[in-house]
Amino acid sequence: MSQSLSKFEQKLLVTTCFGHFLSHFNMLIFPALIIPLQNQLNLTLSEVLQLSFWMYLLFGITAFPWGIMADKWDVRKLFSIFYLGAGISAIAAGLLCHDPFWFSVALTGIGLFSGIYHPVGLGWISKEVRQVSISLGYNGMFGNLGLASAPLIAGILNWFWGPDIVYMFVGVLNLFGLVVLWLLSDSKQTAINPMENKKSNSGNLLAFFILLFAMMTGGLVLRGALTITPSYFEIRGNEITEWISSVLEFSFSGNLVSTSITSLIFLIGMMGQYTGGKIPSRYSLRYSYLLFHAITIPLAIGISYLFNLPLMLCAIVYFFFLLGMQPIENTLVAKYTPSKIRHSAFGFKFVVTFGGGAFAIKIIGFMEHQFGLSSIFQLLAVFSIVLIFIIFILIYITGRQIKNSG
């Protein structure tokens, strides 16, 4: 991390980065286990997908009330609730993963408590760290590390012991977050982003309102892509599995190989997060946001037609830009909202992105059942086209405001 960061800022980033890692790790365990759970529970792929709907929905829609609480309450206490609640829920999921109903209830608990992180952690960074954009970039990289490590760890643990042990491990890791919070937090120490004090920062609520529509559409794309990718590679990457098994002279399961490939793709996506964190200090936020999303459109169409190695290469570039836009987006949220309601603003953002994105679970289940696997990424490309039009509106409106104020 940058040497210009104070000790408090460094401690704050370590605390929030671990929380960001866990929030995404918790959500990406399930997609890696869809096909093993399908076999264990004797359900169809679309039926297994529906078990996670309430988890993803609550992960999103609870962000706003969590954000309101963070604007009025100690954020460290909310972090404690996150780790304790998600940890207990994950252990329950491990114990109940042979019963579809109760397993779904336990998953819902994971989503409920994991929803604490984004409005609390991102609001905390935007208000108390001086270098907001690059700090959000670092924070985004650790969220991406959670995305990347979850499929790999889930694949390995499932290969040896099954889905129940996977979720028991998730529970213990969340409870360990209480230790990290205790070691790194100092309630007597405080730091305020000087940029928040030098100007009233009344925000731009019209721009934020338009941005919400963009983020809602982007949430559908992101959740759909993240959820289906491990299963997508398990079905469409069988030649890679056969090649790895022949080279290493050992028979690997398709699930282990597909989750490992997914982890590699998300790991490379960390560089996209770093790139996105650097963008605001050099280029226009609005046009960078537009460019990152526009690049994903032809790549999503390519993914819908490709198999094996070409599919893997296309997916790497796709997720580099899809994940890399997040620090840009979060910086736009910080730019367009007043500091006094920053946690609530981030909470509202994640209601529409993760809450709205939860409906991607319903949509991709329907598309896979009615039109086959290829249709999923084609639909995601259509959503991205809609998103581009919304960003154009954002650019036009904010451009006129700048011109009129000048």
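Residues numbered from 1 in each chain as written. Predicted model: local features only at pLDDT ≥ 70, side-chain atom pairs only at ≥ 80, totals over all residues. Heavy atoms only, no water.

Student: Can you walk me through the overall build of the protein chain in this structure?
Tutor: Along the backbone of the protein chain there are 19 helices and 0 strands. For the protein chain, whose C-alpha radius of gyration is 20 Å, the value lies close to the compact-globule estimate of 22 Å for 406 residues. The principal-axis extent of the C-alpha atoms belonging to the protein chain is close to 65 × 45 × 35 Å. Within the protein chain, buried positions represent 60% of all 406 residues. (Helix = DSSP H or I, 4+ residues; strand = E, 2+ residues; numbered from the N terminus. Rg over C-alpha atoms; globule rule 2.2 N^0.38 Å. Buried < 20%, exposed > 50% of the residue type's maximum accessible area, 1.4 Å probe, protein only.)

Student: Help me understand the nonpolar core, please; the structure alone is not making it clear to me.
Tutor: When a protein is soluble and globular, its nonpolar side chains tend to lie buried together. The biggest cluster of nonpolar side chains holds 130 residues, and the ones touching the most others in it are Phe30 and Tyr318. A total of 15 residues in this core trace back to one element, the largest contributor, which is helix H12 (residues 205-236). (Core = buried A, V, L, I, M, F, W, Y, C linked by side-chain atoms within 4.5 Å.)

Student: I tried to follow helix H2 (residues 34-41) on my own but got confused; where do I start?
Tutor: Regarding H2, the residues found buried are Ile34, Ile35, Pro36, Leu37 and Leu41. Trailing H2 by a residue or two, asparagine 42 shows a phi angle of about 55 degrees, which is positive.

Student: What exactly am I supposed to notice about the environment of glycine 115 here?
Tutor: Within the secondary structure, glycine 115 sits in the loop between helix H7 (100-114) and helix H8 (117-128). A relative accessible area of 2% means that glycine 115 is categorised as buried. Measuring from C-alpha to C-alpha, the distance between glycine 115 and methionine 271 comes to 25 Å, with 156 residues separating the pair along the chain.

Student: What is the right way to read the packing of helix H14 (residues 254-278) against helix H16 (residues 308-324) from this model?
Tutor: Axes are the key here: two packed helices are described by the angle between their axes and the distance separating the axes. Where H14 contacts H16, the two axes come as close as 7 Å, and the packing angle between them is 40 degrees. By the criterion of interaxial angle, the relationship of H14 to H16 is oblique. When the axes of H14 and H16 are compared, the crossing they make is right-handed. Seen from H14, the contacting residues are Ile261, Leu264, Ile265, Phe266, Ile268, Gly269, Met271, Gly272, Gln273, Thr275 and Gly276; seen from H16, they are Met312, Ala315, Ile316, Phe319, Phe320, Leu323 and Gly324. Each residue belonging to the contact of H14 with H16 can be placed in one class, and the counts come to 12 nonpolar, 6 polar and no charged. (Axes fitted to C-alpha atoms, helices over the stretch in contact; angles between N-to-C directions. Parallel < 35°, antiparallel > 145°, perpendicular 65-115°, else oblique. Left-handed = near helix turned anticlockwise from the far one by under 90°. Contact = heavy atoms within 4.5 Å. Nonpolar A, V, L, I, M, F, W, Y, C, P; charged D, E, K, R; others polar.)

Student: Would you mind showing me how to read the packing of helix H1 (residues 7-32) against helix H10 (residues 163-184) here?
Tutor: For the pair H1 and H10, interaxial distance at closest approach is 10 Å and the crossing angle is 170 degrees. Judged by the inter-axis angle, H1 sits roughly antiparallel to H10. Contacts between H1 and H10 involve Lys11, Val14, Thr15, Phe18, Phe21, Leu22, Phe25, Asn26, Ile29 and Phe30 on the former and, on the latter, Val166, Tyr167, Phe169, Val170, Leu173, Asn174, Phe176, Gly177, Val180, Leu181 and Leu184. Residue classes in the contact of H1 with H10 are distributed as 16 nonpolar, 4 polar and 1 charged.

Student: Sorry if this is basic, but what is going on with the side chain of histidine 343 here?
Tutor: Mapped onto the fold, histidine 343 is located in helix H18 (residues 342-371). Using a relative accessible area of 3% as the deciding quantity, one classes histidine 343 as buried. The contacts of histidine 343, once residues within four sequence positions are left out, are Gly67, Ala70, Asp71, Val75, Pro119, Val120, Gly123, Trp124 and Lys127.

Student: Looking at this structure, how should I read the confidence of the model for the protein chain?
Tutor: It should be kept in mind that the predicted coordinates are not to be read in detail where pLDDT is low. With 92% of its residues at a pLDDT of 70 or more, the protein chain has an overall mean of 86. Ranking the helices and strands of the protein chain by mean pLDDT puts H7 first, with 96, and helix H11 (residues 194-198) last, with 47. Counting interchain partners and residues more than four positions distant, the pLDDT-below-50 stretch residues 187-191 has 8 contacts. (pLDDT = per-residue confidence, 0-100.)

Student: Please clarify how the packing of aromatic side chains should be interpreted in this entry.
Tutor: Between two aromatic rings, the relevant description is the distance of the centres plus the angle of the planes. For the coordinates displayed, the defined rule picks out 26 aromatic pairs. On the numbers, 5.4 Å between centres and 70 degrees between planes, the contact of phenylalanine 53 with phenylalanine 359 is edge-to-face. Of this pair, phenylalanine 53 sits in helix H4 (residues 53-61) while phenylalanine 359 sits in helix H18, and the two are 306 residues apart along the sequence. Residue classification places phenylalanine 53 among the buried positions, given a relative accessible area of 6%. For phenylalanine 359, a relative accessible area of 43% gives the class partly exposed. Considering the side-chain rings of phenylalanine 266 and phenylalanine 319, the 5.0 Å spacing of their centres and the 75 degrees angle between planes classify their relative orientation as edge-to-face. Note that phenylalanine 266 is positioned in helix H14 and phenylalanine 319 in helix H16, a separation of 53 residues in sequence. (Phe/Tyr/Trp six-rings, centres within 6.5 Å; stacked < 30°, edge-to-face > 60°.)

Student: Whenever I open this one, a nonpolar patch on the surface confuses me. Can you help?
Tutor: Residues Leu152, Ile156, Trp159, Phe160, Trp161 and Ile165 make up a contiguous nonpolar surface patch of roughly 580 Å² in combined accessible area. Here the element with the most residues in the nonpolar patch is helix H9 (residues 132-161); it accounts for 5 residues. Relative to the helices and strands, tryptophan 161 resides in helix H9. (Patch = residues over 30% accessible without salt bridge, like charges linked within 9 Å, V, L, I, M, F, W, Y side chains within 5 Å. Areas by Shrake-Rupley, 256 points an atom, 1.4 Å probe, with all protein chains shown as cover. Salt bridge = Lys/Arg side-chain N within 4 Å of Asp/Glu carboxyl O.)

Student: Please explain the pattern of salt bridges as it appears in this structure.
Tutor: Pairs may arise between side chains of opposite charge once their charged atoms sit close together. Scanning the entire structure with this criterion turns up 2 salt bridges. Across the salt bridge formed by aspartate 74 and arginine 76, the nearest N and O atoms sit 3.5 Å from each other. We classify aspartate 74 as partly exposed; its relative accessible area is 26%. A residue is classified by how much of its surface remains accessible, and arginine 76, at 14% relative accessible area, is buried. Residue lysine 349 is joined to glutamate 329 by a salt bridge in which the shortest nitrogen-to-oxygen separation is 2.9 Å.

Student: Would you take a moment to explain the environment of leucine 394 for this structure?
Tutor: Looking at the secondary structure, you find leucine 394 in helix H19 (residues 374-405). Take leucine 394: its relative accessible area is 1%, and that puts it in the buried class. Put simply, leucine 394 and leucine 211 are 183 residues apart on the chain and 6.8 Å apart in space, counted from C-alpha to C-alpha. With residues up to four places along the chain from it excluded, the contact list for leucine 394 reads Ala207, Ile210, Leu211 and Tyr336.

Student: Help me out: how do you make sense of unusual backbone geometry in this one?
Tutor: Comment: phi is negative for the bulk of residues other than glycine, and the bulk of peptide bonds are trans. A positive phi angle is found at asparagine 42, which is not glycine, with a value near 55 degrees. One can find asparagine 42 in the loop between H2 and helix H3 (45-50).

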